[in-house]
Amino acid sequence: MSAKDAPPPLPEPLLVEVADSHTHMDLQSGTVEEALVKAAAVGVTTVVQVGCDVKGSRWAAETAAAHANVHAVVALHPNEAPRIVLGDPDGWSRQGARQGGGDAALDDALTEIDRLAALPHVRGVGETGLDFFRTGPEGIAAQERSLRAHIEIAKRHGKALVIHDREAHADVLRVLDEEGAPERTVFHCYSGDAAMAEICAAKGYYMSFAGNVTFKNAQPLRDALAVAPLELVLVETDAPYLTPAPFRGRPNAPYLIPVTVRAMAEVRGIGEDELAGAIAVNTARAFDY
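Residues numbered from 1 in each chain as written. Predicted model: local features only at pLDDT ≥ 70, side-chain atom pairs only at ≥ 80, totals over all residues. Heavy atoms only, no water.

Trainee: Describe helix H5 (residues 140-157), naming the residues involved and giving the relevant values.
Mentor: Owing to its 3.6 residues per turn, the α-helix aligns residues three or four sequence positions apart on the same side. Compared with an ideal rise of 1.5 Å per residue, which puts 18 residues at 26 Å, H5 spans 26 Å between its outermost C-alpha atoms and is within 8% of the ideal. By the burial criterion, the buried members of H5 are Ala 142, Gln 143, Glu 144, Ser 146, Leu 147, His 150, Ile 151, Ile 153 and Ala 154. Residues of H5 that are buried make contact with helix H3 (80-86), helix H4 (102-117), strand E6 (122-131), strand E7 (160-166) and helix H6 (169-179). (Helix = DSSP H or I, 4+ residues; strand = E, 2+ residues; numbered from the N terminus. Expected span 1.5 Å × (residues − 1). Buried < 20%, exposed > 50% of the residue type's maximum accessible area, 1.4 Å probe, protein only. Contact = heavy atoms within 4.5 Å.)

Listed below in structure tokens is the structure:
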């Protein structure tokens, strides 16, 4: 195994336990049990496992049912919706090449997400939203239709809504305004600037910061974190992606949350225990566990 592929070392444990508000253990190496033991060893005692398609959402629900400290969030990722409707000829999404199934196929997939969202150990609907980075103009209608359906599902089941927003800030905020956001809405891997953080704060949206807040070029994210109300701040790994510096490029996992928490505490100018305590309360409130 090259150094680039090697898992980073265990960080110093946090003294106040926190939750990883967004992770993908189905995409990480090793077993769920191994991931949870490693995370708990450094004070990360709760994880929110997020689905991105029907299969991943079923897996999230099953995993949460089997582990008391795992909570599930289920959805069709914004890039999954256009693939269902239009097809995925290059098989980019790990499911092989797929034919487009049109709106009927999207409806079928949304029906299954709706069924999963009703389960008690499923605490949220997401990650849904808009992604103008990976999906071109032809896929935007499917993304927006899917987002509106997920908002309705979250509200009907009284679950949190978890938003994926990539290069689509104004449109995501617009759709949330048009549909009426659920009572608890989380911007996962928050990617806006300080001005957007003020809009989110005014609306009571949670902002979850990932390892990219530690990247050299991420000053706008740090500026957003500096102005976000403490009671709306969460932390996540989005593992196996977005590994915090100095381990950028190596595999991420829930046990690396302390690295990001310490960087965030520095930005806020508060102690890591105070920040961890706030994050723990906020995550439980956001996902109602």
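Trainee: So what's going on with unusual backbone geometry? Which residues, and what values?
Mentor: The omega torsion across Ala 239 and Pro 240 is 15°, close enough to zero to call that bond cis. Along the chain, Pro 240 falls in the loop between strand E10 (233-235) and helix H9 (257-268). In the segment running from Ala 245 into Pro 246, the intervening peptide bond is cis, with an omega of 10°. Among the secondary structure elements, Pro 246 is positioned in the loop between E10 and H9. Even without being glycine, Leu 242 reaches a positive phi, approximately 55°. Mapped onto the secondary structure, Leu 242 falls in the loop between E10 and H9.

Trainee: Describe the packing of H5 against H6, and please don't skip the residues or the numbers.
Mentor: The geometry of H5 relative to H6 is characterised by a closest axis approach of 11 Å and an angle of 45° between their N-to-C directions. Taken together, the axes of H5 and H6 lie oblique to each other. For the element pair H5 and H6, the recorded crossing hand is right-handed. Seen from H5, the contacting residues are Glu 144, Leu 147, Arg 148, Ile 151 and Lys 155; seen from H6, they are Arg 174, Val 175, Leu 176, Glu 178 and Glu 179. Residues that form the contact of H5 with H6 fall into these classes: 4 nonpolar, no polar and 6 charged. (Axes fitted to C-alpha atoms, helices over the stretch in contact; angles between N-to-C directions. Parallel < 35°, antiparallel > 145°, perpendicular 65-115°, else oblique. Left-handed = near helix turned anticlockwise from the far one by under 90°. Nonpolar A, V, L, I, M, F, W, Y, C, P; charged D, E, K, R; others polar.)

Trainee: Now, about the layout of surface pockets: what can you tell me, with residues and values included?
Mentor: Considered as a void within the structure, the largest pocket measures approximately 980 Å³ in volume. Around the largest pocket sit 34 residues that line it, and His 77, Arg 134, His 164, Arg 166 and Asp 238 are the ones nearest its centre. For the lining of the largest pocket, the secondary structure elements donating two or more residues are H3, E6, E7 and helix H8 (219-227). Ranked by residue count, the leading element in the lining of the largest pocket is E7, at 3 residues. For the lining of the largest pocket, the per-class residue count stands at 11 nonpolar, 11 polar and 12 charged. (1 Å grid on protein atoms, 1.4 Å probe; cavity = no way out; pocket = protein on both sides within 12 Å on 5 of 7 lines; lining within 4 Å. Points joined across faces, edges and corners; volume = space filled by probe spheres on them.)

Trainee: I'd love a proper account of the packing of H4 against H5, names of residues and values included.
Mentor: At a closest axis distance of 10 Å, the pairing of H4 and H5 adopts a crossing angle of 25°. Comparing their axes, H5 and H4 come out roughly parallel. Here the hand of the crossing between H4 and H5 comes out right-handed. The segment H4 lies against H5, with Asp 103, Leu 106, Asp 107, Leu 110, Ile 113, Asp 114 and Ala 117 engaging Ala 142, Arg 145, Ser 146, Ala 149, His 150, Ile 153, Arg 156 and His 157.

Trainee: Quick rundown of the environment of Phe 187? Include the residues and the values.
Mentor: Relative to the helices and strands, Phe 187 is located in strand E8 (residues 185-187). For Phe 187, a relative accessible area of 2% translates into the label buried. Each C-alpha atom, one on Phe 187 and one on Thr 128, is 10.0 Å from the other, the two residues being 59 residues apart in sequence. Each residue touching Phe 187, except ones within four places of it in the same chain, is listed here: Ile 163, Asp 165, Val 172, Leu 173, Leu 176, Met 196, Cys 200, Tyr 205, Tyr 206, Met 207 and Ser 208.

Trainee: I'd like to hear about the sheet that holds strand E2 (residues 44-50), residue by residue, with values.
Mentor: Sheet architecture is open: 8 strands sit in the order E1-E2-E3-E6-E7-E8-E9-E10, paired in parallel fashion. A single partner strand is all that each edge strand has here, and the edge strands are strand E1 (18-23) and E10. Adjacent strand axes in the sheet meet at a mean angle of 30° when their direction is disregarded. Judged from the 2 bridges that link them, E8 and strand E9 (residues 206-209) form a sheet pairing that is parallel. By the bridge assignment, Phe 187 is partnered in E9 with Met 207. Against the sheet, H5 contacts E6 and E7, and its axis sits at roughly 160° relative to E6. (Pairing = 2+ DSSP bridges.)

Trainee: If you had to explain the pairing of E1 to someone new, which residues and values would you point to?
Mentor: Most of E1 sits out of view: 6 of its 6 residues are buried. The pairing of E1 with E2 spans 4 bridges and is classified as parallel. Within the sheet, the bridge partner assigned to Thr 23 lies in E2 and is Gln 49. Taken together, E1, helix H1 (residues 32-41) and E2 constitute a β-α-β crossover, and its handedness is right-handed. (Right-handed = clockwise from strand over helix to strand, strands pointing away.)

Just distances and angles here, no functional claims.
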